[in-house]
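# Geometric and topological summary
Spelled out, the chains give:
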Amino acid sequence: MPEGDTIFRTARALGRVLVARPVTGFRSTYPMLTRFDDDTPLAGQTVERVEPRGKWLLIHFSGGGTLATHMLMSGSWHIYRHGERWQQPRANMRIVLENSEYIAVGFRVPVAKMLRTREVERALRIPPQAIDVLSQEFNAVEVGRRIAAHGGEEIADVLLHQEVIAGVGNEFKSEICFVAATSPFCKVADLDAETIALLVATARKLVKANVLEDSGDLIVTYAGTQRRTTHESNPGASTWVYGRRDEPCRKCGERIRRRIQGPDARVTFWCGRCQPMPDGSDVDG
Ligand SMILES: [Zn+2]
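Residues numbered from 1 in each chain as written. Predicted model: local features only at pLDDT ≥ 70, side-chain atom pairs only at ≥ 80, totals over all residues. Heavy atoms only, no water.

## A few points about the overall build of the protein chain
This is how it is decided: Working definition: helices are DSSP H or I runs of at least four residues, strands are E runs of at least two. Numbering for both runs from the N terminus. In this treatment the radius of gyration is a C-alpha quantity, and the globule benchmark scales as 2.2 Å times the residue count to the 0.38 power. Whether a residue is buried, partly exposed or exposed follows from its accessible area with a 1.4 Å probe, protein chains only, as a fraction of its type maximum: under 20%, in between, or over 50%, in that order. Working rule for contacts: check all heavy atoms of both residues, and any pair within 4.5 Å makes them a contact. Per-residue and other accessible areas follow the Shrake-Rupley method at a 1.4 Å probe size, with only the shown protein chains counted as cover for residues. Counted charges follow a simple rule, with Lys and Arg positive, Asp and Glu negative, and His plus the chain ends left uncounted. Charged groups are reduced to one reference atom each: NZ for lysine, CZ for arginine, CG for aspartic acid, CD for glutamic acid.
Helix and strand counts for the protein chain come out as seven helices and 10 strands. Over its C-alpha atoms the protein chain spans a radius of gyration of 21 Å, differing by no more than 12% from the 19 Å that the globule rule assigns to 285 residues. Along the first, second and third principal axes, the C-alpha set of the protein chain runs to 65 × 40 × 30 Å. The buried share of the protein chain, reckoned over its 285 residues, is 50%. Long-range pairs, those at least 24 residues apart, make up 58% of the contacts in the protein chain with a sequence separation of at least 6. On the protein chain, roughly 13,700 Å² of surface is accessible, and the fraction owed to carbon and sulfur atoms is 49%. Looking at the protein chain, you have 38 positive and 35 negative side-chain charges, and the mean spots of the two groups are 4 Å apart.

Here it is in structure tokens:
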């Protein structure tokens, strides 16, 4: 599942090649999109803005329409110059947007909608900017309040609720809890206000750090001495705990544990010594 930082980077890359340029061609395998294009041709319109909002990528056109795509597990956008060979088979193509210089291709994008721009937030139930970790309007106090409202749930599960804090995915969840020295299994009701504030600040810091210019597809929370490349085969090479089952904790040397957690059965990694439960109890992993 692409996390918030992946959507952010995709939006930035698409923005560079699409914004302020007239659209010269549009194609899609989705009838709903082509009907919109038949009715309000995109060719001749200009792309005004490309923005990440929660897990949606929005492309706004000058005619008042917005193309919203959601990648789920499989989708990706590629950018090519005219005549350049595509990195995926044509059969995977779902959406093509062209201008005089570039071709943006949405491969296997599973969800795509064309909406009137003014209807987008309501239609897609997009989280407000105040709770989006990558938004400039992010409001840490509001997010802390929303977390505290889930007192009966374990903190790592609550960090995945998009209506509480948007943009934190499953990999970041474990990293945030480690950096904030908090057990992922701790009930929110057992966390003090300072710890909740620390978790919120850590979430913002870690996710934001991953939208730097040279970030690849893996998250980076631990720089270490190893230079990370986008072809790194071990997902744990750039993290504190995620993907590091049975490896030594980078702070204390204890064995990193792994466990399936929560109603959605998502994997969680943690260090039992650096992230104790408040009552001292142990969690198997
Ligand atoms: Zn440790």
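Additional details are given in the paragraphs that follow.
## Examining the sheet that holds strand β7 (residues 102-107)
Stated formally: Two strands are said to pair when DSSP picks up at least two bridges between them. For helices, the fitted axis covers only the stretch in contact; all axes are lines through C-alpha atoms, and the angles between them, taken along N-to-C directions, range from 0 to 180 degrees.
The strand order across the open sheet formed by four strands is β1-β6-β7-β5, and the pairing between neighbours is antiparallel. Whereas interior strands pair on both sides, the edge strands pair on one side only; in this sheet they are β1 (25-28) and β5 (76-81). Adjacent strand axes in the sheet meet at a mean angle of 15°, parallel and antiparallel pairs treated alike. Pairing analysis gives six bridges linking β5 to β7, with the strands arranged antiparallel.

## Notes on the environment of Arg 204
Threshold: Under this definition, polar contacts are N or O atom pairs within 3.5 Å; protein pairs additionally need one hydrogen-donor-capable and one acceptor-capable atom, and for neighbouring residues in sequence, both atoms have to be side-chain atoms.
Checked against the element boundaries, Arg 204 lands in helix α7 (residues 193-209). Measuring from C-alpha to C-alpha, the distance between Arg 204 and Asp 132 comes to 8.9 Å, with 72 residues separating the pair along the chain. For Arg 204, the contacting residues outside a window of four places in its chain are Asp 132, Val 133, Leu 134, Ser 135 and Phe 138. Here the side chain of Arg 204 touches Val 133 through a polar contact of 2.6 Å, landing on its backbone oxygen.

## With respect to the coordination of the zinc ion
What counts is decided by this rule: Shown as donors are all N, O and S atoms within 2.8 Å of a metal ion, widened to 3.2 Å for Na, K and Ca; because water is not in the atom set, sites may appear incomplete. Metal sites are grouped by the angles between bound donors: all angles between 85 and 135 degrees with four donors is tetrahedral, opposite donors over 155 degrees apart with the others between 65 and 115 is square planar for four donors and octahedral for six, and any other pattern is irregular.
Summarising the metal site, the zinc ion is bound by the protein donors Cys 249 (SG), Cys 252 (SG), Cys 271 (SG) and Cys 274 (SG), whose distances to it range over 2.2 to 2.4 Å. Relative to the metal, the four donor atoms surrounding the zinc ion lie at angles of 99 to 116°, and the coordination shape comes out tetrahedral. If you list the donors of the zinc ion from N- to C-terminus, the spacing comes out as C-x2-C-x18-C-x2-C. The class of Cys 249 is buried, set by a relative accessible area of 5%.

## Examining helix α6 (residues 170-179)
Because each turn of an α-helix spans 3.6 residues, side chains separated by three or four positions in sequence point in the same direction. A large share of α6 lies buried, amounting to eight of its 10 residues. Listed in full, the buried residues belonging to α6 are Asn 170, Phe 172, Lys 173, Ser 174, Glu 175, Ile 176, Cys 177 and Phe 178. Once α6 finishes, Ala 181 follows within two positions and takes phi at roughly 50°, a positive value.

## Thoughts on the pattern of salt bridges
Which entries qualify depends on this criterion: Salt-bridge detection follows one rule: a side-chain nitrogen of Lys or Arg within 4 Å of a carboxyl oxygen of Asp or Glu.
This structure, assessed with the given rule, holds 12 salt bridges. The closest approach of N and O atoms between Arg 21 and Glu 101, which form a salt bridge, is 2.8 Å. Of this pair, Arg 21 sits in the loop between α1 (4-18) and β1 while Glu 101 sits in the loop between β6 (93-98) and β7, placing them 80 residues apart in sequence. Residue classification places Glu 101 among the partly exposed residues on the basis of a relative accessible area of 34%. Arg 273 is the salt-bridge partner of Glu 254, the closest N and O atoms lying 3.0 Å from each other. Highlighted residues: Glu 254 in the loop between α7 and β9 (257-261) and Arg 273 in the segment after β10 (266-270), separated in sequence by 19 residues.

## Comments concerning the packing of aromatic side chains
Two measures describe an aromatic ring pair: the distance that separates the ring centres and the angle between the ring planes. What counts here: The criterion for an aromatic pair is that two Phe, Tyr or Trp rings (for Trp, the six-membered ring) have centres within 6.5 Å, with stacked assigned to planes under 30 degrees apart, edge-to-face to planes over 60 apart and tilted to the rest. Consider the ring centre and the ring normal. A charge sits over the ring if Lys NZ or Arg CZ is within 6 Å of that centre and within 35 degrees of that normal.
Per the counting criterion, the structure on display carries five aromatic pairs. Taking the centre distance of 5.4 Å and the plane angle of 25° together, the rings of Phe 178 and Trp 240 count as stacked. With Phe 178 in helix α6 and Trp 240 in the loop between α7 and β9, this residue pair connects regions lying 62 residues apart in the sequence. Exposure class is identical for Phe 178 and Trp 240. Each is buried. Ring geometry for Tyr 242 versus Phe 269: centroids 5.1 Å apart, planes at 65°, classification edge-to-face. A residue pair is termed long-range when its members are at least 10 positions apart, and Tyr 242 in the loop between α7 and β9 and Phe 269 in strand β10 qualify at 27 residues. Relative accessible area serves as the criterion here: at 15%, Tyr 242 is assigned to the buried category. What links up through ring pairs into an aromatic cluster is the set Tyr 80, Trp 86 and Phe 107. Over the aromatic face of Trp 240 sits the side chain of Lys 251, whose NZ or CZ is 5.4 Å from the ring centroid.

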